[in-house]
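Next come the chains, spelled out residue by residue.
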Amino acid sequence: MKKSGQRGYSIWLHPSFFAINIILGMILSYHFVMINFSADNDVANSIIVWHEIQLHGFSVLSQWRPTVDNWYLSTYPIHFLLFKLTGSTSISIIKFIEISQVFLAAVISSLICFHKTRSRYAFLLIPFFCGLSVFAYSVAYISHPFSHNLTNLYGLACVYLYIVKPQQFSFPYEIGLCALIIIASVSDPWFQAAYFLPLFLTSLYSGFIARTQPKKYVIPLFITGIILFTHIIERLLHLPVARFTLGAPEQMLANAYWFLVGVGGSLNVFFIQTDNLKIISAIILILLYFYALITMAKHDSLDRVIFLSLAGITSAFILSSVPGASYSARFFVNIVYLAIIAIFTSAVYRMHKPLLGFLGILFLSGIYSHWQVAANAQDRSMSELRAFLEKNDLSYGFGPYWDAKTLALAWDTQWKILIRPIDFDKVTGLMLRGGRSQTFNYWYIPETNEKPQRQFIAVAKGGEECPDLQLCLDGIVRQFGEPEEKLTFNNLLFYVYNRPIITYSAPELASVGELRFGWKHSDYIWQGWRKSSEPDYRWTEGLTARMAFHKAAPWRRGVFTLAASTNQPVKGAIYYRDKKIKDLDLPPGDQRIQFTIDNIDGDDGNIAIKIAFDALKSPRDLGTGREREKLGLAVNRISYQFD
């Protein structure tokens, strides 16, 4: 067997062996993606965004609320190109993407191993990684198109490009590598701990300590780090930024437990799926990795990258304040691939039979695990929900993101049934309009919700959006009145109204009184007001804010007083039916703004008031917060008196 220094050793010296493993990998990735595929809400992410882009253009992205792992650069361009070329967003395209993701990760892993060992046996890793356990597919989400394993694919590609870089410094080559790093890191911050920092630190070591490469190789990665850690691109694209906070000691212990369960579940040497056996399997894997690391005659850049990647993700997860769970296995996909590459490399170098035997048992256990579990019931339950909604003439409403299968159901029915994701205030039980990630802001404005006339609100028993079911049901009635019908489907309760649910507010005014703002008191729906409010006040948002009221009697004159505050100088005017009734020139601080409306139309019971601002700065511009919206007045209450 030839060693890594012999550059001339090519995969094409064993074309048959390579081809056999490629074919096996294709078969396994196809088969296991097909039997584990589930069209959940997150799978529908790019399809929903593409659909809205087709309706409203790319400017609609300004209305989209992404998660911290936003997928803007790593995923959307590829998906959108496929949708455009095929003219379809069918389920077959998503399955093709998932199969390709699993297969390419396996191929690149084998190429990394081949580059170091120059052994044809490296290509056995192709069927090995395509045949990972059902836990890896369904819990660690190695095939999911919006998972860390997609980012892991970028990471494996970056590692391969790093270890095969030309001996002579190539500026275009380094720019290409750094571009991939930026694309992956901006789209999913997980990449920074899993791959960027290991690559950067390894480059520093190689350039300044080991002196095995010129120092100038560090410069592109250093500049890339500045771009990533100053979040320049996220700020330009108005994307959320990830924040890391340390957890309490007891949280760290719990996270360590879930770390072992997650790693051992994906790489379970036992043929039985229990948490205890998963933990034992993880411990065996860790011990074998360190054995392979210690017994390696000489460590190179690949060994350092792997060690730093495994250490980075392990420590980041265990030390984090984010509580772990079984689904945390998705954070450890780099460990699944890189630890196996390290163990396999050591086994092939020395033809170590126990290590090879361990890997063989892992492969067989993974294959066997797919026949231990029942078929995924996700798609069947969605079909049942669809049938229930069609039977009860329900095609538009609001409901919990996961339990109501909101985005997936829209895709499955070709947008004939739309359920907009909602959350509930945990104190008041009121339905919150918008603000949840993976939704568009304009889904929750009255103009978008005028039709159909029959609409519903769904609440899940025991759902994360509403732990206190009765509180939320009472909140719905306070906001929207008693429903015309109450229906039940599995764990979902449906309050059905024969009218649009989200409409502009026009509270009725007595001769004297006041209206208090904030979620503790009201949820008025008016144009130009921030959707989410504080307990005792609510901000105007943008340069125009409107209010609408209905007076109970034909009064002709009204005196109004706004109790508000502002964090910047404010100039503008207040209008009644587009007629200016008061100029505004307010310094920062608390304000009492009084204005009078004379000659109110006695026959028309509606009063429409507009507040127009000349110019405003956002809290971000003022340096007082991270919000980008232009906030004018924080209104606590409006008092009034008619005569």
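All figures in this text were calculated on a predicted structure; none of them were measured in a lab.

Student: In this structure, what is going on with the packing of aromatic side chains? I would like to understand it.
Tutor: Think of a pair of aromatic rings as described by two things: how far the centres are apart, and how the planes are tilted against each other in angle. Taken as a whole, this structure holds 46 aromatic pairs when the rule is applied. A ring pair is formed by Y72 and Y76, whose centres lie 5.5 Å apart and whose planes are at 40°; its orientation type is tilted. Summarising the burial analysis for this pair, Y72 and Y76 share the class buried. Among the aromatic residues, those joined into a cluster by ring pairs are F517, Y524, W526, W529, F549, W555, F560, F595, Y640 and F642. Cation over ring: R436 sits above Y401, and NZ or CZ is 3.7 Å from the ring centre.

Student: Before we go on, may I ask you to explain the sheet that holds strand β1 (residues 396-399) in this structure?
Tutor: To summarise the sheet geometry, strands pair through backbone hydrogen bonds and adopt either a parallel or an antiparallel arrangement. Pairing is mixed across the open sheet formed by 5 strands, whose spatial order is β2-β1-β5-β7-β6. Lying at the two open borders of the sheet, with one neighbouring strand each, are β2 (418-421) and β6 (485-489). Strand-to-strand twist in this sheet, taken as the mean axis angle between neighbours without regard to direction, amounts to 25°. One ladder, built from 6 bridges, connects strand β5 (residues 455-460) with strand β7 (residues 492-497); its direction is antiparallel. Paired with Q455 across the strands is Y497, a residue of β7.

Student: Got a minute to help me understand the confidence of the model for the protein in this structure?
Tutor: Any residue range with low pLDDT should be treated as having predicted coordinates unsuitable for detailed reading. Chain-level statistics for the protein give a pLDDT mean of 91 and a share of 96% at 70 or above. Note on residues 1-8: pLDDT is under 50 here. Beyond four places in sequence and across chains, it has 18 contacts.

Student: Which parts of the structure should I look at to understand the state of the cysteines?
Tutor: With the rule as written, the count across this model stands at 1 disulfide. What pairs with C466 in a disulfide is C472, and their sulfur atoms sit 1.8 Å apart. Here the S-S torsion is close to 120°, and the disulfide linking C466 with C472 is therefore right-handed. The exposure class assigned to C466 is buried, which follows from its relative accessible area of 2%. Since its relative accessible area comes to 2%, C472 is described here as buried. There is no disulfide at C130, and the cysteine sulfur nearest it, in C113, is 15 Å away. The class of C130 is buried, set by a relative accessible area of 0%. With no disulfide partner, C158 has as its closest neighbouring cysteine sulfur the one in C178, 8.8 Å distant. We classify C158 as buried; its relative accessible area is 0%.

Student: Looking at this model, I keep getting lost on the nonpolar core. Mind explaining?
Tutor: Inside soluble globular proteins, nonpolar side chains tend to come together where they are buried. L389 and F494 are the most contacted members of the largest nonpolar core, which totals 161 residues. Among the elements that line this core, the one with the most residues is helix α4 (residues 91-117), at 14 residues. For L389, the residues in contact, after removing those within four places along its chain, are L394, L409, I417, I419, F456 and F494.

Student: Looking at this model, I keep getting lost on helix α10 (residues 218-229). Mind explaining?
Tutor: Helical periodicity: at 3.6 residues per turn, an α-helix aligns residues three or four positions apart in one direction. Along its 12 residues, α10 runs 16 Å from first to last C-alpha, staying within 8% of the 16 Å computed at 1.5 Å per residue. Residues V218, P220, L221, T224, G225 and L228 constitute the buried set of α10. Buried residues of α10 fall within an arc of 160° about the axis and therefore sit on the same side. Residues of α10 that are buried in the fold lie against α8 (171-187) and α9 (190-209). Following α10 by one or two positions, H231 has its phi on the positive side, about 55°.

Student: Explain the environment of F208 to me, please; I cannot follow it from the model alone.
Tutor: By the element assignment, F208 lies in helix α9. With relative accessibility at 42%, the residue F208 sits in the partly exposed group. For F208 and V218, which are 10 residues apart along the polypeptide, the C-alpha to C-alpha distance reads 9.3 Å. With sequence-adjacent residues up to four places away left out, F208 is seen in contact with K215 and V218.

Student: Please clarify how unusual backbone geometry should be interpreted in this entry.
Tutor: Most peptide bonds take the trans form, and the phi angle of most residues other than glycine is negative. With an omega of -5°, the peptide bond running from K451 to P452 counts as cis. Structurally, P452 can be placed in the loop between β4 (431-432) and β5. For H231, which is not glycine, the phi torsion reads 55° and is therefore positive. One can find H231 in the loop between α10 and α11 (232-236).

Student: Help me understand the sheet that holds strand β11 (residues 544-551), please; the structure alone is not making it clear to me.
Tutor: Read across the sheet, 5 strands follow the order β8-β11-β16-β13-β14 without closing on themselves; strand pairing throughout is mixed. Edge positions in the sheet fall to β8 (508-509) and β14 (579-586), since each has one partner strand and no second. Summarising the sheet, strand β13 (residues 570-576) and β14 pair through 7 bridges and their orientation is antiparallel. Pairing of Y576 across the sheet is with K579, part of β14.

Student: What am I meant to see in the pattern of salt bridges here?
Tutor: Where charged atoms from two side chains of opposite charge come close, those side chains can pair. Inspection of every chain in the model, using the stated rule, returns 15 salt bridges. A salt bridge links R516 to E514, with the nearest nitrogen and oxygen atoms 3.4 Å apart. You can call R516 partly exposed: its relative accessible area is 32%. The network of salt bridges with shared partners includes K116, D300 and D303.

Student: Any chance you could explain the packing of α8 against α9 here in plain terms?
Tutor: One way to put it is that α8 packs onto α9 with a least axis distance of 9 Å and a crossing angle of 155°. Between α8 and α9, the crossing angle belongs to the class labelled roughly antiparallel. Here α8 runs over α9; the crossing is left-handed. Within the contact between the two elements, α8 uses I181, A184 and S185 and α9 uses F191, Q192, F196 and L199. Among the residues forming the contact of α8 with α9, the class breakdown is 5 nonpolar, 2 polar and no charged.

Student: Would you mind going over the packing of helix α3 (residues 76-86) against α4 with me for this structure?
Tutor: When two helices pack together, their arrangement is given by the angle between the helix axes and by the axis-to-axis distance. In the contact formed by α3 and α4, the axes pass within 11 Å of each other and the chain directions differ by 140°. Viewed along their axes, α3 and α4 adopt a mutual orientation that is oblique. In this structure, α3 crosses over α4, and the sense of that crossing is right-handed. On α4, the residues that touch H79, L82, F83 and T86 of α3 are I93, I94 and I97. When the residues that make up the contact of α3 with α4 are grouped by side-chain class, the tally is 5 nonpolar, 2 polar and no charged.

Student: What am I meant to see in a positive patch on the surface here?
Tutor: Taken together, the side chains of R235, R243, R626 and R628 make up a positively charged region of the molecular surface. Turning to its location among the elements, R243 is positioned in the loop between α11 and α12 (249-266).

What counts and what doesn't
Residues numbered from 1 in each chain as written. Predicted model: local features only at pLDDT ≥ 70, side-chain atom pairs only at ≥ 80, totals over all residues. Heavy atoms only, no water. Phe/Tyr/Trp six-rings, centres within 6.5 Å; stacked < 30°, edge-to-face > 60°. Buried < 20%, exposed > 50% of the residue type's maximum accessible area, 1.4 Å probe, protein only. Lys NZ or Arg CZ within 6 Å of the ring centre and 35° of its normal. Pairing = 2+ DSSP bridges. Helix = DSSP H or I, 4+ residues; strand = E, 2+ residues; numbered from the N terminus. Axes fitted to C-alpha atoms, helices over the stretch in contact; angles between N-to-C directions. pLDDT = per-residue confidence, 0-100. Contact = heavy atoms within 4.5 Å. Disulfide = S-S within 2.5 Å. Core = buried A, V, L, I, M, F, W, Y, C linked by side-chain atoms within 4.5 Å. Expected span 1.5 Å × (residues − 1). Arc of directions from axis to C-beta. Salt bridge = Lys/Arg side-chain N within 4 Å of Asp/Glu carboxyl O. Parallel < 35°, antiparallel > 145°, perpendicular 65-115°, else oblique. Left-handed = near helix turned anticlockwise from the far one by under 90°. Nonpolar A, V, L, I, M, F, W, Y, C, P; charged D, E, K, R; others polar. Patch = residues over 30% accessible without salt bridge, like charges linked within 9 Å, V, L, I, M, F, W, Y side chains within 5 Å. Areas by Shrake-Rupley, 256 points an atom, 1.4 Å probe, with all protein chains shown as cover. Lys, Arg positive; Asp, Glu negative; His and termini not counted. Charge placed at Lys NZ, Arg CZ, Asp CG, Glu CD.

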